[in-house]
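# Per-entry structural report
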Amino acid sequence: MPTEHDTCWNCMDEQQKFRCKGCGFAVYCSQVCQKEHWKSLHGSHCKYLSGKKKLAGSDHSADNCKSCKKQNVDYSKLHKKDSPGMACYHKMFDSDLLLFKQKFQDILMKNMELTKETVHVQSIGNLPFQFGEMSGNYIDYLDKLISFLQSLLCHLLYRYPKVQKLGELSRMLISFRAYHWAASLKSGVTSERVTMTLSFVSFFFSADWILELHEILGKLELQNGVTAWNTFMFLYEMLGVSS
């Protein structure tokens, strides 16, 4: 029985047999499935994955970033416990954009395990989606939820630089979002791609791990009232994987 990474991007059931010649990442079991997927989804993404076109909002620029323009946070006071507002994650951790792209590509490259040919794996040309915090256009509610978690994490990382688990949490969220973007290349149905992503999160990341971090930060943050960590935990529980 084929695994998730072996299956056709369209039917997501049959074994893959060939890849898209345009981008080199999408894989299919038949010409019928390839044509169906091109019309429904891949035709909108292939030109970006192949590098033929670049989508506005896929790279950070303070001049064009909606989050930066809002100016609802004082970055000089980000380390303080009462620092209000939602920080721009991409402004504070621009190097993580490269890490995201690499993680996203690594996930897609798992589809390259073809048995009948030696595949020359190319690098992703450009990202196929916009970052909603830059453009205002999110893939769906889960993509937006993860971006909010990353924004809140900005405050926590600057507030508690010695808590190493926060750095691990940051990389975890990058993996969550990269996987969701990869799932969104396969399915245009929100419920399907959300289910795929949450299955990935539940399988690879233990709820006990986030609870251990909760115990650490619970001693540092206020127990009552609105804090960055309390808000983070509230939104994280909405993922449905922490119980």
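Parameters at a glance
Residues numbered from 1 in each chain as written. Predicted model: local features only at pLDDT ≥ 70, side-chain atom pairs only at ≥ 80, totals over all residues. Heavy atoms only, no water. Helix = DSSP H or I, 4+ residues; strand = E, 2+ residues; numbered from the N terminus. Buried < 20%, exposed > 50% of the residue type's maximum accessible area, 1.4 Å probe, protein only. Contact = heavy atoms within 4.5 Å. Areas by Shrake-Rupley, 256 points an atom, 1.4 Å probe, with all protein chains shown as cover. Axes fitted to C-alpha atoms, helices over the stretch in contact; angles between N-to-C directions. Parallel < 35°, antiparallel > 145°, perpendicular 65-115°, else oblique. Left-handed = near helix turned anticlockwise from the far one by under 90°. Salt bridge = Lys/Arg side-chain N within 4 Å of Asp/Glu carboxyl O. Core = buried A, V, L, I, M, F, W, Y, C linked by side-chain atoms within 4.5 Å. Expected span 1.5 Å × (residues − 1).

### Looking at the overall build of the protein chain
Looking only at helices and strands, the protein chain has 10 helices and 2 strands in total. Within the protein chain, the fraction of its 243 residues that count as buried is 50%. Long-range contacts, defined here as pairs at least 24 residues apart, represent 66% of the contacts in the protein chain between residues at least 6 apart. Accessible surface, the protein chain: about 12,600 Å² in total, of which carbon and sulfur atoms supply 53%.

### Some points on unusual backbone geometry
One non-glycine residue, Met12, lies in positive phi territory at about 50°. Considering the arrangement of structural elements, one finds Met12 in the segment before β1 (18–19).

### Digging into the environment of Gln15
Structurally, Gln15 is set in the segment before β1. A relative accessible area of 36% means that Gln15 is categorised as partly exposed. In this structure, the C-alpha to C-alpha distance between Gln15 and Ser30, residues 15 residues apart in sequence, is 9.5 Å.

### Thoughts on the packing of helix α6 (residues 141–159) against helix α7 (residues 164–186)
Packing of α6 against α7 brings their axes to within 10 Å, and their N-to-C directions diverge by 165°. Judged by the inter-axis angle, α6 sits roughly antiparallel to α7. When you trace α6 past α7, the crossing you get is left-handed. Residues Leu142, Asp143, Ile146, Ser147, Leu149, Gln150, Leu153, Leu156 and Leu157 of α6 lie in contact with α7, whose contacting residues are Leu166, Gly167, Leu169, Ser170, Leu173, Ile174, Phe176, Arg177, His180 and Trp181.

### Let's talk about the pattern of salt bridges
Within this structure, the stated rule accounts for 6 salt bridges. With a shortest N-O distance of 3.0 Å, Lys101 and Asp59 are connected by a salt bridge. Taken as a pair, Lys101 in helix α4 (residues 95–109) and Asp59 in the loop between α1 (31–49) and α2 (66–70) lie far apart in primary sequence, 42 residues in all. Put simply, Asp143 and Arg177 hold a salt bridge, and the shortest N to O gap is 2.8 Å. One end of the pair, Asp143, is in helix α6; the other, Arg177, is in helix α7, and 34 residues separate them in sequence. The structure contains a network of salt bridges with shared partners spanning Lys54, Asp59 and Lys101.

### Quick word on the nonpolar core
In this structure, Phe104, Leu166, Leu169, Phe176, Trp229 and Phe232 are the most contacted members of the largest nonpolar core, which totals 69 residues. Ranked by the residues each element gives to this core, the list is headed by α7, at 12 residues. Leaving out residues up to four positions away in the same chain, Phe232 has contacts with Leu149, Leu152, Leu156, Leu169, Leu173 and Ile210.

### Notes on α4
Along its 15 residues, α4 runs 22 Å from first to last C-alpha, staying within 8% of the 21 Å computed at 1.5 Å per residue. Buried within α4 we find Asp96, Leu97, Phe100, Phe104, Gln105, Ile107 and Leu108. Against α1, α3 (89–92) and α7 lie the buried residues of α4.

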